[in-house]
Structure formats: C-alpha cells, structure tokens
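Residue-level structural notes
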Amino acid sequence: MPLLLTAWGLMLAMLSAHPLREDEALYAAWALKIAHGDFWLLGVPVDKPPLYLWLLTVWQSLVGSSVPALRLLNISLSLLNAALLVSLAHRLTDRRTAWLALAVYASAPFAILFAPTLYTDVLLTTISLAACLAAVHQRWGWLGLCLGLSLAAKQQALLLAPLPLLLAWLTLRQPGWRRVARGLAGLSLPIAVVWAWDARRLAWTPPGGPPDVWTQSAVSYGGLTLAPLATWLPRLYEWLAVAQYLAPGWALRGLLLMGMGLACRAAWQRCKRQRLFSQPPWQLLMLGFALIYLTAQVVVSFQVWDRYLLPLAPLAAVFSAVALRWLWRRMGLVVVVLALLLLPGPAWRAAHSGYPIGSDHGAYDGIEEAAAVVRQALPDNPFGVLYHHELGWHWQYYLAAAHFQQVYYPTPAFLAADAAGPATYTRLVVIPAWRWDDELPAALAAHRLRLHWLHTTCRPDGSPSFLIYRIEPISGL
C-alpha cells in the first residue's frame, strides 16, 4: 500500500502541469461529442476503436470534463496496472519479487509520465496485463474477453496478444476444446459490439464520408508496410533513444540487462535438460516477446512514438525485480536496499517532467489563455472565423462549445484568399510561436490585409507560446 500511495503521488504531480497534446485533445473532444448525444460520431474520421472513448465519456460525466478531471482516468488505470503487475509477478515468481517489481514500476518514468495523459495506450496496457493474469490462472473465458477488449481499445493490441497466449500455453495442464470455446466466446463479445457500432456509423454516414475505423486508421497513419531496409538501422537508433527511459541511468539499465541475462541463463539451463521447447521458462517467453515487439516497431513503418513502448514498462520492471531478487539471495538484503535507493532520483525527475516522454512538456502552455482570448474577440456566431494550421485538434476540445467558424488553412496563400471575403466577418488567427511563417504577412498584403496583434501567451519561463492576431484591411487602401 505505501508503494501504491507513493506511485499515486508521483503521478498526481503532473496533473495540471501542462495542457493536452494533439491526440489527447482530439480524444477529449470526441468524448465530449458522445456525451452531448453524438454516440455514433457521425461524420467524424474516427481512427481508434471506441472503448476508450466510451470510458472517457462515462468518466467525464462522473468526475468532470476539465483537463485534470479527465487525466484522473489514466492515473486510476495506471494504479490498476501496478496492482495487476504485482499479482502477475507473484504468480510467476514469489511475493518478494512481486513487491520489488512494484517498487521498480512505481518509480519508472514511463509509468509516471504516461499516467496523467489521455492516451489510449494506458488502457491497452491495463487490459494486456489483465489478459496475462487470466492466462497464468488458466481463465480462458476472461483471457478471451481481455483480448477482445484490448482490440476494442486500440489496434496495436494485435501486437500484444501473443504474450498472454504464450503464457496460457506455458501454464496449460489439460488441453481441451471447452477452454478454447470459452476463450473464443469471450473474444467475440467485445469485437461484436465494436463491429455493430462501426457498422451503424457507416450505415448512417452520407456517401463520401469517413470510412470504417480500421480503414481510417490506415489512412491516418499512411498505411503500414515494411520499412525500407536502409532505414532499419536509423529507426533502431530512434527506438533505442526512446527505450532508454524504460530504465534511465547506467545503474537501472544494468539491473534490467542483468534480469534479461538471468532469463537467458534460465533458458540455457532448460536447454541442457532438453525440455526447452516442451516447457520454456516464462522469462524466456517475456524476453523473446519484448525483443520481437521492439523488432516489429523497427522493421514495420510504425511512427517512432514513445507511447508504443508503454506496454514494455511492466516487463522491464519484472526483469529488474528478478535481478534484485537474485542479488538479495546472493549478497543479502543490504545490497538490495542500496539498489532500491537508485529509484527515487529518476522518479522525482519524471514527476517534474524531466524526461522527454509522455504528454506535453510546455510546448502548448498558454493554450487555455489563448482560447479565452479567442472567445472574447470573436462573435459566437458564423460571422466569426478562426483560422488554424496546427491547432485544429486542440480547438475541438478547448473551443468545443463555440459557434464561430474554424477554418483550416493549408498555406498562407489560402488563408489570405479566404480572408479577403466580406468585411462583415471578424477573423482571427492563432499562431504557435515556434511555427511563425514569414510568408503569411506577405500573402495577406497581396490582398491588402494585415495582421493586427491582439495578445501573446507566455510559458512560465517568459518565452512566448501563442501569438493571436486579428486579420483586417490595411488602413488607407
């Protein structure tokens, strides 16, 4: 319990530190649409299965729709992840190793920095851990249900499914069709619900509207293919640069590598007894899965996004705990206590946004203030126009109830041509300070328009974050 309370406190430290990032704001906006009666999200290019959106909708109806209130959902799920990890590690090893795994996981930067987010990967990790726990307990119905729920949360569940299935095979004592039937029944239920929801969306979507969730996902991410062979090594370096935060620092990285080495040693000992393939050790299954999962991220054209490695954080904690338990047996408790003293440093740094993973780290500071200025400056009707190039997903959440127009402009020339319309409209543009385009003033000037500065939002360090301008005719012309 003290470890869970410590983890909870570390996760809460980032609750209100920064605004939402792009994907988080989009999920929050979709949940608001569902809460306001658009259950089917008609006309919305949804590229994720709806389970997380439904859960977020229910959560905001109970807790609230503010950013801190929404973030409490994933913080709660992250605490559940810690509890599931203890149960799984206890089943696979022993009680002391399980609590060591909890200590490592509670202080892991990935666990701390992804808890106060709205990413679907936290829920995916929760369900995957539950599936692994069901697998080692031979609860095939629950295993199938968890696999189905994971697919209802995110498509990447397909990459995670092999681990619980392998653990179920490892602990299988008496094969039988009844177990398989229960698993398939559990699997089919969530998939059927999601399929029915998506089919109804498509039936009510006008021709030319967004496709089904899976097709839209392929469109949004540019399709998935094998990455060109020449990019494999650079992609490996990029992924390893992210993976280093699974165990930051040479000492914690050494513990993780030591635990992986002990897994290889267990496999070698089993091989000498000629029973490796009849019943491989769970350590080898986990290690093999983690390496294959990481390899898939490298050789397939997945985006190099840190959140894709979140499901590996519990596995890293288990391997580190195995190493600590080995040290405990060989060198005594004092050495383990000294090793555990290495954990608070990275945990404290993570709780203060010290690692470049997780949610926003200050780039979008001030967007709530910018939204308030826009609301005051624009009439809340179609005669108000807000142009955006990079902030469209943010405005769907931060300006969810606004009735003025929100117009995406692909180029400065497009914005200038559109703004040259009737003078009865009030037009604003909000430009991130790090995305200033020198072509915009020139494009507007060609249409006898100019930018009139209204407001600048700043980060806590005083640096500008967003520039708010009114677009108006050049005086005297």
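Before any of the text, the structure's been laid out above.
The sections below set out a description of the structure shown in this document. (Residues numbered from 1 in each chain as written. Predicted model: local features only at pLDDT ≥ 70, side-chain atom pairs only at ≥ 80, totals over all residues. Heavy atoms only, no water.)

1. Notes on unusual backbone geometry
The backbone of Gln 138 shows a phi angle near 60 degrees, a positive value even though the residue is not glycine. Structurally, Gln 138 is set in the loop between helix H7 (120–136) and helix H8 (140–153). In this structure Gln 138 comes out as buried when scored by relative accessible area, which is 14%. In this model, Arg 448 sits at a positive phi of 60 degrees, which is unusual for a non-glycine residue. Structurally, the position occupied by Arg 448 is in the loop between helix H22 (439–445) and strand S4 (449–458). (Helix = DSSP H or I, 4+ residues; strand = E, 2+ residues; numbered from the N terminus. Buried < 20%, exposed > 50% of the residue type's maximum accessible area, 1.4 Å probe, protein only.)

2. Comments concerning the pattern of salt bridges
On inspection of all chains with the given rule, the structure shows eleven salt bridges. The closest approach of N and O atoms between Glu 22 and Arg 21, which form a salt bridge, is 3.8 Å. For Glu 22, a relative accessible area of 25% puts it in the partly exposed group. For Arg 21, a relative accessible area of 28% translates into the label partly exposed. For Asp 94, the salt bridge is made with Arg 325, and the minimal N-O distance between the two is 3.5 Å. Of the two residues, Asp 94 sits in the loop between helix H4 (67–92) and helix H5 (95–106) while Arg 325 sits in helix H16 (residues 312–331), which places them 231 residues apart along the sequence. With a relative accessible area of 21%, Asp 94 lands in the partly exposed category. Under the relative-accessibility criterion, Arg 325 is labelled buried at 11%. (Salt bridge = Lys/Arg side-chain N within 4 Å of Asp/Glu carboxyl O.)

3. Re a nonpolar patch on the surface
A cluster of nonpolar side chains, contributed by Leu 333, Val 334, Val 337, Leu 338 and Leu 341, occupies part of the molecular surface with about 490 Å² of accessible area. For Val 334, the position within the fold is in helix H17 (residues 333–340). For Val 334, a relative accessible area of 60% puts it in the exposed group. (Patch = residues over 30% accessible without salt bridge, like charges linked within 9 Å, V, L, I, M, F, W, Y side chains within 5 Å. Areas by Shrake-Rupley, 256 points an atom, 1.4 Å probe, with all protein chains shown as cover.)

4. Points about the packing of aromatic side chains
One pass over the structure, following the stated rule, counts 17 aromatic pairs. On the numbers, 5.6 Å between centres and 10 degrees between planes, the contact of Phe 39 with Trp 54 is stacked. Of this pair, Phe 39 sits in the loop between helix H2 (22–35) and helix H3 (51–63) while Trp 54 is found in helix H3, placing the two residues 15 residues apart along the sequence. Residue classification places Phe 39 among the partly exposed residues on the basis of a relative accessible area of 34%. For Trp 54, a relative accessible area of 19% gives the class buried. The rings of Phe 39, Trp 40, Trp 54, Trp 197 and Trp 204 are connected pair by pair, giving a single aromatic cluster. Above the ring of Tyr 355, the side-chain terminus of Arg 349 is found at 4.4 Å from the ring centroid. (Phe/Tyr/Trp six-rings, centres within 6.5 Å; stacked < 30°, edge-to-face > 60°. Lys NZ or Arg CZ within 6 Å of the ring centre and 35° of its normal.)

5. Thoughts on the pairing of strand S1 (residues 384–388)
A large share of S1 lies buried, amounting to five of its five residues. Bridge count for S1 against strand S3 (residues 426–432) is four bridges, and the pairing is parallel. Note on S3: the bridge partner recorded for Val 385 is Arg 427. In the sheet, S1 pairs with strand S2 (residues 405–408) via four bridges, with the strands oriented parallel. (Pairing = 2+ DSSP bridges.)

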